Amino acid sequence: MPRPIQATVHFAALRHNLQRCRAAAGAARVWAVVKANAYGHGIERVFGALRGADGFALLDLAEAERLRALDWRGPILLLEGCFEPRDLEVCSRLNLWHVVHCEEQIEWLSRHKTHTPHKVFLKMNSGMNRLGFRPAAFRAAWARLQALPQVDEVGLMTHFSDADGQRFGREGIAHQVEAFVAATADLPGERTLCNSAATLRHALRVRLGDEHAPALAADWVRAGIALYGSAPDAPAHDIGHWDLQPTMTLASRLIAIQDVPAGESIGYGSTFVAPQRMRVGIVACGYADGYPRHASLGQDHGAPVLVRGVRTRLVGRVSMDMLAVDLTPVEANGVPCQLGAEVVLWGRSAYGTVLPIDEVAQAAGTIAYELMCAVAPRVPITADEEAPHR
Ligand SMILES: *Cc1c(COP(=O)(O)O)cnc(C)c1O
């Protein structure tokens, strides 16, 4: 028998979350962001559930090839544009839309030989200071692009640094919306501003410019993490608040049970000492599976976990292939624990309970994005086509 660890991707949940993003985006079209192999879920695995999106956004040319190989004929946007001039040949061949965020990318385009002009999105650095033209340089870049025979349409794009919260006491997106609106007011072209957090929190509320201008959702939103069943502004809100469903379950089983007398320690470094006699379950999951080692660091710091659907927590350090969980609350609930008992590290238990990935991320001092993307290649992933029970 293979090691009992297993990840499952939930189809119906992906479809549900896409609908939620669509509803939050109003009339705007929705790009399903599938970078990083669909946030660790696998592009081929999520494609069937997300093909109802209006387009896919990603940043790796090989991933764009995979989408075209799935026979996706609709829009694909390269979020970082081209990395070198010859990437433009792939854009022409696969009909990819691409972001233009720097002078060099305009230069490459101006020398590119193509029969079909490209659709591009010109990116503004409205305050994130990562990619894009500053507002004062935006119009000149737009004019240069617009004049190129290699360019068909120029869309306008920016990205928020603080859509999930506040910035210096103000709503996190306010300063960037102001910069974007001021610098693009009289420019034509499709607009896209919102990631998941901005879509769920702000898209239909804040308006661009005057009352008659389109909502912040604009022409396209770029939904990533919300599709994958994580609250983009966790822990302020949870997936229940946004009516999102978990799309990935990481589950394993108990491979040993220890009766630990009071005063003995558990695992490497003896970071956890049993305060009383304890039943401890050993689970086939460790940091080599992508589970975060920081999820359990000391006596009172253990991430939540479900054993046979009952919530308990980690005890002692996470090691490479194993971790330990406290079985006391489970058995106190009248649920006996034996070898082979189901353990859910995040996601949906076969017993009907849910452990949101956001709670595990918070216990590990990180975000759900990192956990999803880190599931190791040695963990087999399967897709479940059944409707999730809620
Ligand atoms: C990753 C990414 C998104 C999606 O962000 P989420 O927070 O996952 O919704 C949107 N836009 C850009 C430019 C991105 O790189």
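Residues numbered from 1 in each chain as written. Predicted model: local features only at pLDDT ≥ 70, side-chain atom pairs only at ≥ 80, totals over all residues. Heavy atoms only, no water.

The name given to the chain in an unreviewed UniProt entry is Alanine racemase, with Tepidimonas taiwanensis as the source organism. Entered under Pathway (unreviewed entry) in the UniProt record, the comment concerning the chain runs "Amino-acid biosynthesis; D-alanine biosynthesis; D-alanine from L-alanine: step 1/1." (UniProt positions renumbered as here; feature names shortened; annotations may be inferred.)

**Q** What am I meant to see in the domain arrangement of the chain here?
**A** Many authors give the size of an interface as the accessible area that is lost as the parts come together. Examined at the domain level, the chain breaks down into domain 1 (11–228) and domain 2 (248–384). Just the C-alpha atoms count here: the centres of domain 1 and domain 2 sit 38 Å apart. In this assembly, eight residues from domain 1 lie in contact with eight residues from domain 2. Between domain 1 and domain 2, the buried area comes to about 840 Å², and carbon and sulfur atoms account for 69% of it. If you sort the residues of domain 1 by the area they bury against domain 2, Tyr-39, Arg-45 and Ile-225 come out on top, with a joint share of 51%. Linking domain 1 to domain 2 there are zero salt bridges. For the pair domain 1 and domain 2, the number of links is one residue pair in polar contact (both at pLDDT 80 or more). A class-by-class count of the residues in the side of domain 1 that touches domain 2 yields five nonpolar, two polar and one charged. (Domains from an automatic or database assignment. Contact = heavy atoms within 4.5 Å. Buried area = accessible area lost by both parts, 1.4 Å probe. Salt bridge = Lys/Arg side-chain N within 4 Å of Asp/Glu carboxyl O. Polar contact = N/O pair within 3.5 Å; in protein donor to acceptor, adjacent residues only side chain to side chain. Nonpolar A, V, L, I, M, F, W, Y, C, P; charged D, E, K, R; others polar.)

**Q** Help me understand empty space enclosed by the protein in this model?
**A** Think of a ball as big as a water molecule: rolled over the atoms, this probe shows where empty space is left. In the structure shown here, the tally under the stated rule is one cavity of 30 Å³ or more. Lining the largest cavity, in full, are Tyr-228, Gly-229, Pro-246, Thr-247, Met-248, Trp-346, Gly-347, Leu-355, Pro-356, Ile-357 and Met-372. Each residue belonging to the lining of the largest cavity can be placed in one class, and the counts come to eight nonpolar, three polar and no charged. (1 Å grid on protein atoms, 1.4 Å probe; cavity = no way out; pocket = protein on both sides within 12 Å on 5 of 7 lines; lining within 4 Å. Points joined across faces, edges and corners; volume = space filled by probe spheres on them.)

**Q** Any chance you could explain the layout of surface pockets here in plain terms?
**A** The volume enclosed by the largest pocket comes to roughly 740 Å³. Taken together, 39 residues line the largest pocket, and the ones lying closest to its centre are Lys-35, Tyr-39, His-159, Asn-195 and Tyr-369. Secondary structure elements with two or more residues in the lining of the largest pocket: helix 2 (35–39), helix 9 (196–201), strand 11 (220–223), helix 12 (357–363) and helix 13 (368–374). Residue composition of the lining of the largest pocket, by class: 22 nonpolar, eight polar and nine charged. Taken together, domain 1 (11–228) and domain 2 (248–384) each give at least three residues to the lining of the largest pocket, which thus spans both. (Helix = DSSP H or I, 4+ residues; strand = E, 2+ residues; numbered from the N terminus.)

**Q** Sorry, what's going on with the environment of Ile-225 here?
**A** Along the chain, the position of Ile-225 falls in the loop between strand 11 and helix 10 (239–242). Linking Ile-225 and Val-34, residues 191 residues apart in sequence, is a C-alpha distance of 9.5 Å. With residues near it in sequence (within four places) discarded, Ile-225 still touches Tyr-39, Ser-196, Ser-230, Pro-232, Tyr-369 and Met-372.

**Q** What is the right way to read the UniProt feature "binding site: substrate" (unreviewed entry) in the chain from this model?
**A** Per the UniProt annotation, the sites labelled "binding site: substrate" (unreviewed entry) are Arg-130 and Met-320. The greatest C-alpha distance among the residues just named is 34.7 Å, and with 191 residues of sequence between them they are spread in space as well. Of the annotated positions named here, the largest pocket is lined by Arg-130. Take Arg-130: its relative accessible area is 58%, and that puts it in the exposed class. When residues no more than four places from it in sequence are discounted, the contact partners of Arg-130 are Asn-125 and His-159. Mapped onto the elements, Met-320 comes out in the loop between strand 19 (310–315) and strand 20 (323–326). For Met-320, a relative accessible area of 42% corresponds to the partly exposed category. In this view, Met-320 contacts Gly-286, Tyr-287, Ala-288, Asp-289 and Arg-378; residues no more than four positions away in its chain are not counted. (Buried < 20%, exposed > 50% of the residue type's maximum accessible area, 1.4 Å probe, protein only.)

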